[in-house]
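Chains, contacts and geometry: an overview
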Amino acid sequence: MHVFVIGGTSFMGPKVIEQLLHSGHEVTVFHRGQTKGYLPSGRHEILGDRNDLPSYRTAIQQLKPDAVLDMICMTEQQARLLVQTLDGIVNRVIVASSQDVYRAFGLVNGTESGVIEPVPIDEDGALRHNLYPQIAFAKTEERRNYDKILVERTIMNHPTIQGTIIRLPAVYGPNDKAHRWYSYIKPMSDQRPYILLPESLADWRWTRGYVENMALGIVQAIVKDQAKGKIYNLGENDTFTMKEWVNKLASSLHWKGKIVVVPDSLLPETYSWGIDATQDAVFNSDKIRNELGFKERVSFEEGLKRTIDWELKNPPETHGLNYEAEDQVMKLHDAKTQP
């Protein structure tokens, strides 16, 4: 199979490309050329801007791809350009989407209101009513127009294209630009005596997935015919609370300190996630497991170890850690809790 990949040059994309190549498939990557060093050897390349995709229709047609994977389709306009370009060339399009399409995620982020959604949520779960979830804070036009709901509709409603949508969870692992676990890993590595956890987050749950395993799920959706015309949630079965996650990190790092849950009001503003944690973001991935046979290839423990190793070797340029402020918080906390 020849797979044409749009984007996919950082974090998850190279893992998808690597697994496709290892399985004997041919891969051509369309990208801007800014992160070329991350790509596995053996792939072909076309350099260009995905917002000008129709200009490359002839080049794509000459490749005769069997399927197209779009890792970076963010807006309705980009989705329209995608199907316009591919119409008559290929009828299999797989798009990486997000579980932020669900109403539950809107409740977490404050773009939706009303009753809490029961969890776990499967692919038939209620979607957000309010579109453009990043419009209030986005700094670019693309981000203001971001909405995976509109992307999904455009792909799945096209008359000649068989779409497949993969709704991704919070993905972690090496090369994660979000550095999702650094603020806990670094203090443990520094042998801090305690980790402060905001009270609002301690029991909150969010479906996550290790990067190589999530790449495997995407690959299976590309190569298996059963995925045609389907939408799948992807993510780990075990959805831990934040406190449980920090305990998992502590165990992997052999950290012997104490996790201290403190009122949000005592913590510096940088420690706040700014979410409504009364709604859990837990999504069911039974469909992709049952229909496509998806199963994690990298164990949870190994994935966590690799994540920790990478985070310590590749710290973010900026972070919100402030040990001096934490020490002051602990003094206030101890004063309030001591009899």
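Structure shown above.
Residues numbered from 1 in each chain as written. Predicted model: local features only at pLDDT ≥ 70, side-chain atom pairs only at ≥ 80, totals over all residues. Heavy atoms only, no water.

Considerations on the nonpolar core
Our working rule: Throughout this description, the term nonpolar core refers to a set of buried Ala, Val, Leu, Ile, Met, Phe, Trp, Tyr and Cys residues connected via side-chain atoms within 4.5 Å. Accessible area is worked out with a 1.4 Å probe on protein chains only. A residue is then buried under 20% of its type maximum, exposed over 50%, and partly exposed in between. In this description a helix means any DSSP run of H or I spanning at least four residues, a strand means any run of E spanning at least two, and both kinds are numbered starting from the N terminus. Should any heavy atoms of two residues lie within 4.5 Å, those residues are counted as being in contact.
Counting residues in each nonpolar core, the largest one holds 67 residues, and the members touching the most others are Met12, Leu69, Ile166, Ile218 and Ile222. Broken down by element, the residue count for this core peaks at eight residues, all from helix H8 (residues 211-223). Sequence-distant contacts of Met12, defined by excluding residues within four places in its chain, comprise Met71, Leu168, Val171, Val211, Met214, Ala215 and Ile218. Membership of the second largest hydrophobic core comes to 20 residues, among which are Ile6, Leu53, Val68 and Leu86.

Observations concerning the pattern of salt bridges
Keep this limit in mind: Salt bridge, as used here, is a side-chain nitrogen of Lys or Arg placed within 4 Å of a carboxyl oxygen of Asp or Glu.
Per the counting criterion, the structure on display carries 19 salt bridges. For Arg144, the salt bridge goes to Glu141, with nearest N and O atoms at 3.1 Å. Linking Arg144 with Glu141, this pair stays in helix H5 (residues 141-144), spanning three residues, or about one helical turn. Classification of Arg144 as partly exposed rests on a relative accessible area of 28%.

Some words on the sheet that holds strand S1 (residues 2-6)
Selection rule: Between any two strands, pairing holds if DSSP finds at least two bridges. Only C-alpha atoms enter the line fits that serve as axes; for helices the fit covers just the stretch in contact. Angles between N-to-C directions range over 0 to 180 degrees.
Strand order in the open sheet formed by seven strands is S3-S2-S1-S4-S5-S6-S10, with parallel pairing between adjacent strands. In the strand order of this sheet, the two ends are held by strand S3 (44-47) and strand S10 (231-233), each with one partner. Here the strands of the sheet are splayed against their neighbours by 20° on average, with no regard to which way each runs. Alignment of S1 against strand S4 (residues 67-70), held across four bridges, turns out to be parallel. The residue of S4 that forms the bridge with Phe4 is Val68.

Here we look at the packing of aromatic side chains
Note the threshold: The pairing test for Phe, Tyr and Trp rings, Trp by its six-membered ring, is centres within 6.5 Å, and the orientation test on the planes gives stacked under 30 degrees, edge-to-face over 60, and tilted for anything in between.
One pass over the structure, following the stated rule, counts 13 aromatic pairs. Taking the centre distance of 6.1 Å and the plane angle of 45° together, the rings of Phe4 and Phe30 count as tilted. Here Phe4 is found in strand S1, whereas its partner Phe30 is found in strand S2 (residues 26-31), with 26 residues between them in sequence. Looking at Phe4, the relative accessible area reads 0%, which means it is buried. Relative accessible area serves as the criterion here: at 2%, Phe30 is assigned to the buried category. Ring pairing ties together the aromatic residues Tyr172, Trp181, Tyr184, Tyr210, Phe240, Trp245 and Phe300, which thus form one cluster.

Considerations on unusual backbone geometry
The amide bond that connects Val119 to the next residue, Pro120, takes the cis arrangement and shows omega of 0°. Positionally, Pro120 belongs in the loop between helix H4 (103-109) and H5. One non-glycine residue, Asn175, lies in the positive phi region at around 75°. One can find Asn175 in the loop between strand S7 (170-172) and helix H7 (182-189). Assessed through its relative accessible area of 27%, Asn175 is described here as partly exposed. Non-glycine residue His179 carries a positive phi angle of around 45°. Inspection of the secondary structure assignment puts His179 in the loop between S7 and H7. Overall, His179 belongs to the buried group, its relative accessible area being 16%.

Thoughts on the packing of helix H3 (residues 76-86) against helix H6 (residues 148-156)
Selection rule: Here the angle decides the label: under 35 degrees means roughly parallel, over 145 means roughly antiparallel, 65 to 115 means roughly perpendicular, and every other value means oblique. Helix crossings get a hand from a simple test, with the near helix turned counterclockwise from the far one by less than a right angle marking a left-handed crossing and a clockwise turn marking a right-handed one. Under the scheme applied here, ten amino acids are nonpolar (Ala, Val, Leu, Ile, Met, Phe, Trp, Tyr, Cys and Pro), four are charged (Asp, Glu, Lys and Arg), and all others, including Gly, are polar.
At their nearest, the axes of H3 and H6 sit 8 Å apart, and the two run at 20° to each other. One element, H3, and the other, H6, form an angle in the roughly parallel class. In this structure, H3 meets H6 at a crossing whose hand is right-handed. Counting all contacts with H3, which are made through Glu76, Ala79, Arg80, Leu82 and Val83, the residues of H6 involved are Leu150, Val151, Thr154 and Ile155. Split by residue class, the contact of H3 with H6 holds six nonpolar, one polar and two charged.

Things to note about the side chain of His25
Note the cut-off: Under this definition, polar contacts are N or O atom pairs within 3.5 Å; protein pairs additionally need one hydrogen-donor-capable and one acceptor-capable atom, and for neighbouring residues in sequence, both atoms have to be side-chain atoms.
You can see His25 is positioned in the loop between helix H1 (12-22) and S2. A polar side-chain atom of His25 sits 3.5 Å from the main-chain amide nitrogen of Met1. Contacts of His25, omitting those with residues within four sequence positions, involve Met1, Leu20 and Val223.

Topic: the packing of H7 against helix H9 (residues 242-253)
The geometry of H7 relative to H9 is characterised by a closest axis approach of 10 Å and an angle of 40° between their N-to-C directions. Considering their axes alone, H7 and H9 lie oblique with respect to each other. Crossing of H7 over H9 shows right-handed handedness. When H7 is examined against H9, the residues Tyr184, Ile185 and Met188 are found in contact with a partner set consisting of Met242, Val246, Leu249, Ala250 and Leu253.

Details of the environment of Arg128
Tracing the backbone through its elements, the reader meets Arg128 in the loop between H4 and H5. With residues up to four places along the chain from it excluded, the contact list for Arg128 reads Asp100, Val101, Tyr102, Arg103, Gly106, Thr111, Glu112, Pro133, Asp147 and Ile149. A distance of 2.8 Å separates the side chain of Arg128 from the backbone oxygen of Asn130, its partner in a polar contact.

As for the environment of Asp66
Structurally, the position occupied by Asp66 is in the loop between helix H2 (57-63) and S4. For the pair Asp66 and Asn91, spaced 25 residues apart in the sequence, the C-alpha separation amounts to 7.9 Å. Apart from the residues within four sequence positions on either side, Asp66 is in contact with Met1, His2, Val90 and Arg92.

Take it as geometry only, folks, not as evidence of what the structure does.
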